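Residues per chain, in single letters:
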Amino acid sequence: MAACHPHFGELLQGAFDVAEGGYRRTVRALVSVHMPYSAGSIARVTLEPSRLGKFVPEAGRTGIHVRPPHFRKCEIAARLALDAFGMKNMAATLEVITFVPEGAGMGSSTTGVVASIRAAAEAVSAYRGTRITPAPHLQAKLAVAAEHACDSLMFDCTGSTILFAQRIGKIIRTFNGPLPQMHILGFDTGSTSGGVDTDRLPRARYSRDQVAAFGCALAILEQAIAEQSVALAGRVATFSAITSETAMQNPLKKPKFNELLRIKEDTGSAGIVVAHSGTVAGLIFDAALPDLRTRVGEASAAISRLGFDRLRTFSTPY
C-alpha cells in the first residue's frame, strides 16, 4: 500500500519566460501549497502472475482491474508504472481510496495517480524481493503521461520550493528553502457546484505584460523564501489569484472574489491563495501574530456570511 498527500491550490501559477538551450520560451508552471501531513489518496496494487497478456496504457486495455472503476487515470498510471518496472505483460488489481474532494483544486487526481505509481512499485518490490523506489522525476513523467497535467506532489516540499511545469512534468526552478510557515484559513467557493472538471477546462491565456509580471513575482517569491517572509509570500499569492481572475482569455473566476479581497484587507491577512483550476481558496496569515486567533475568527465569520463552507484552518509545516 502506498499514499500521496494533497495540496491546497497554488501560491503562484502562470506562464513564465524560461531560458533553455540558448533560447527563451514560455512555459506554464506552478508553485503548489503542499499539505504533506494531510490525508490524500492511498492505493494498493496486487499483481496477478496467472493473468498475462499484451496490455497497453489505455483505459480498459491495461490488464488492470481498478476500483472504483471510474479512476481511469489511476489505472493508466499503474500500467505505465508496471511497464517501467519491467512487468509489461503482467495483469493486476488496483484499489484506490481518496480523501480529497474532486474538482476542488487539491490534487484529487494527482494524489490517486502518484499513490498508484508508488503502489505498483511496492507490489513489484514484493514480487521480486528487491526494493524499487521510483525517483520523483520518474513519478512526474508517468503522472503526466497518465493525466496530461499533474501537480508537484511527488516532490519533497519541506526542504526546498519548486516551480513545476505541470504539463511536461519537470522542475523549472528550485528555490533554496521551503515556503514560509503560513496559517491558512481555507474554504470552498464552489462546493455546491460539483467542482471544476479540469479535463475540460480551457487554458488561461495571459498578455505579454502579465507574463512579464509573473517573472517579477518569481523574484519576490525568492526573497520571501530567503527571508521566510509570510508578508511577501502573501503578496505573490494575491498577485497570482488576481491574475487568474483577469487573464486575457479563459480566466477562472471565483465567486465574490472582490468581497474576499476586502475581507483580506479588513482582517490583516497577508494574502489570498486560490486553486487556479479548482474551487478552494484561503486567506494567509502569519502564524506568529499575537492576535492570530482573533483575526482568523473575524475572517471565518465574514467568509461564512458570503455563503462559503468547508472552512478549515491549517498551518504549513515547512
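Provided above is the structure to which this section pertains.
Heads up: these notes are all about the structure in this document. Residue numbers run consecutively from 1 along every chain, following the written order of its sequence. Residues qualify for local features only when their pLDDT is at least 70, as the model is predicted, and side-chain atom pairs are given and counted only at 80 or more; totals for whole chains, interfaces and linings, by contrast, use all residues. With hydrogens and water excluded, all non-hydrogen atoms of the structure serve as input to the side-chain values.

Overview of the overall build of the protein
Item 1. Counting from the N terminus, the helices are DSSP H or I runs at least four residues long and the strands are E runs at least two residues long. Within the protein one finds seven helices and twelve strands.
Item 2. Buried residues in the protein amount to 54% of all 318 residues.
Item 3. In the protein, once contacts between residues fewer than 6 apart in sequence are set aside, the share between residues at least 24 apart is 71%.
Item 4. The Shrake-Rupley method, run with a 1.4 Å probe, gives the accessible areas here. Residue values count only the displayed protein chains as cover. Just so you have it, the protein exposes about 14300 Å², and 51% of that area is on carbon and sulfur atoms. For the exposure calls, accessible area comes from a 1.4 Å probe over protein chains only, and a residue counts as buried if that area is under 20% of its type's maximum, exposed if over 50%, partly exposed in between. In what follows, a contact means two residues having at least one pair of non-hydrogen atoms within 4.5 Å.

Points about the sheet that holds strand 6 (residues 90–98)
Item 1. Two strands are counted as paired when DSSP detects at least two bridges linking them. The strand order across the open sheet built from four strands is 1-4-6-5, with neighbouring strands paired in mixed fashion. If you trace the sheet from one side to the other, it starts and ends with strand 1 (2–4) and strand 5 (64–67), each paired once. Along the sheet, successive strands turn relative to each other by an average axial angle of 25°, direction set aside.
Item 2. Relative to strand 6, strand 4 (residues 41–52) runs antiparallel, the two sharing nine bridges. Bridge pairing in strand 6 links Ser41 to Thr98.
Item 3. Axis angles are defined between N-to-C directions and span 0 to 180 degrees, where every axis is a line fitted to C-alpha atoms and, for a helix, only to the segment in contact. In this fold helix 1 (residues 72–84) packs onto strand 4, strand 5 and strand 6, with an angle of close to 135° to the strand it touches most, strand 6.
Item 4. Across the sheet, helix 2 (residues 108–128) touches strand 1, strand 4 and strand 6, and the angle it forms with strand 4 is around 45°.

Examining the pairing of strand 6
Item 1. Relative to strand 6, strand 5 is paired through four bridges, and the arrangement is parallel. Note that in strand 6 the partner of Ile64 across the bridge is Ala92.
Item 2. Seen with its strands pointing away from the viewer, a crossover is right-handed if its path from the first strand over the helix to the second goes clockwise. Considered for its hand, the β-α-β crossover made up of strand 5, helix 1 and strand 6 is left-handed.

As for helix 4 (residues 208–227)
Item 1. One less than the number of residues in a helix, times 1.5 Å, gives the span that helix is expected to have. With 20 residues, helix 4 extends 29 Å between its outermost C-alpha atoms, agreeing within 8% with the 28 Å of an ideal straight helix rising 1.5 Å per residue.
Item 2. Every buried residue of helix 4 is accounted for by Gln210, Val211, Phe214, Ala217, Leu218, Leu221, Ala224 and Ile225. For helix 4, the arc enclosing every buried residue in end-on projection is 125°, short of the 170-degree limit, so these residues lie on one face. Set apart from the buried face of helix 4 by more than 90 degrees, the exposed residues are Arg208, Asp209, Ala226 and Glu227. It is the directions from the helix axis to the C-beta atoms that the arc portrays.

Digging into the packing of aromatic side chains
Item 1. Put simply, two rings from Phe, Tyr or Trp (the six-membered ring, in Trp's case) pair if the centres are within 6.5 Å, and we call them stacked under 30 degrees between planes, edge-to-face over 60, tilted for the rest. Considering all chains together, one arrives at six aromatic pairs under this definition.
Item 2. Centroid distance Tyr206 to Phe214: 5.0 Å. Interplanar angle 80°. Geometry classified as edge-to-face.
Item 3. Aromatic side chains Phe214 and Phe239 sit 5.4 Å apart centroid to centroid with 75° between the ring planes, which places their arrangement in the edge-to-face category. Note that Phe214 is positioned in helix 4 and Phe239 in helix 5 (residues 230–245), a separation of 25 residues in sequence.

Details of the packing of helix 1 against helix 3 (residues 136–147)
Item 1. Axis separation between helix 1 and helix 3 bottoms out at 8 Å; the angle between their running directions is 135°. The angle between helix 1 and helix 3 places the two elements in the oblique class. Both helix 1 and helix 3 take part in a crossing whose hand is right-handed. Of the residues in helix 3, those touching helix 1 at Lys73, Ile76, Ala77, Leu80, Ala81 and Ala84 are Leu142, Ala145, Ala146 and Glu147.
Item 2. Residues are grouped as follows: Ala, Val, Leu, Ile, Met, Phe, Trp, Tyr, Cys and Pro are nonpolar; Asp, Glu, Lys and Arg are charged; all remaining types, including Gly, are polar. For the contact of helix 1 with helix 3, the class distribution of residues is eight nonpolar, no polar and two charged. In this scheme, roughly parallel covers angles under 35 degrees and roughly antiparallel covers those over 145, while 65 to 115 is roughly perpendicular and the rest are oblique. Note on convention: the crossing is left-handed when the near helix lies turned anticlockwise from the far helix by less than a right angle, right-handed when the turn is clockwise.

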